[in-house]
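# Structural features, examined
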Amino acid sequence: MYWGARLREYHGLDRRTSALLKRQAGRCAWCKLCFTDTDVLEKDHRVPRICGGKEESANLQLLHRHCHDQKTKQDGSMAARSSGAQRGAV
Ligand SMILES: [Zn+2]
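Residues numbered from 1 in each chain as written. Predicted model: local features only at pLDDT ≥ 70, side-chain atom pairs only at ≥ 80, totals over all residues.

## Observations regarding the overall build of the protein
- Within the protein, the regular secondary structure consists of three helices and two strands.
- Ordered by position in the sequence, the α and β elements of the protein form the string α-β-β-α-α.
- Out of the 90 residues belonging to the protein, those deemed buried represent 16%.
- Taking the contacts inside the protein whose residues are at least 6 apart along the sequence as the reference set, 54% of them involve residues at least 24 apart. (Helix = DSSP H or I, 4+ residues; strand = E, 2+ residues; numbered from the N terminus. Buried ≥ 20, exposed ≤ 12 C-beta atoms within 10 Å, placed from the backbone. Contact = placed C-beta atoms within 7 Å.)

Structure, rendered in structure tokens:
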């Protein structure tokens, strides 16, 4: 799979991840910094699924793992989860 010279370091990612990377121009949606090949990328639901977000690419974004942690603390999904509903439905 080839995504152009700029993204060549991302070989081996699944198709959805690669498409998201392309859409985000190789940048984290949270901190806006470019991903590097040493970063851990995680798919995030913009609207958490526990809050009704859909499992579709329009609702997905790529974040650094550490950014994902920050976002999760702020988007309400942690609070929703700890309230007991849909435990484990990430
Ligand atoms: Zn980031």
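## A short note on the confidence of the model for the protein
- Predicted confidence across the protein gives a mean pLDDT of 83, with 80% of residues reaching 70 or more.
- Model confidence for the protein, summarised as mean pLDDT per element, is weakest for helix α3 (residues 77-82) at 76 and strongest for strand β2 (residues 60-64) at 97.
- Scored below 50 in pLDDT, residues 1-5 shows five contacts in the model against residues more than four places distant or in partner chains. (pLDDT = per-residue confidence, 0-100.)

## A short note on the nonpolar core
- Core analysis: the largest hydrophobic core is formed by five residues, namely Leu20, Cys28, Leu62, Leu63 and Cys67.
- When residues no more than four places from it in sequence are discounted, the contact partners of Leu20 are Ser57, Leu60, Gln61 and Leu62. (Core = buried A, V, L, I, M, F, W, Y, C linked by C-beta atoms within 7 Å.)

## Focus: the environment of Asp39
- The topology assignment puts Asp39 in the loop between α1 (15-23) and β1 (41-45).
- Taking the C-alpha atoms as reference points, Asp39 and His64, 25 residues apart in sequence, are found 6.6 Å from one another.

## Here's the deal with the environment of Ile50
- Note on placement: Ile50 falls in the loop between β1 and β2.
- Remark: the alpha-carbon pair of Ile50 and Ser77, spanning 27 residues in sequence, is separated by 6.4 Å.

## Here's the deal with helix α2 (residues 65-74)
- Looking only at α2, the buried set comprises Cys67, His68 and Lys71. Along the axis of α2, the buried residues cluster in a sector spanning 100°; they form a single face. With respect to the buried face of α2, the exposed residues turned more than 90 degrees away are Arg65 and Lys73.
- Of the surrounding elements, those touching the buried residues of α2 are β1 and β2.
- Of the residues one or two after α2, Gly76 is the one with positive phi, at around 90°. (Arc of directions from axis to C-beta.)

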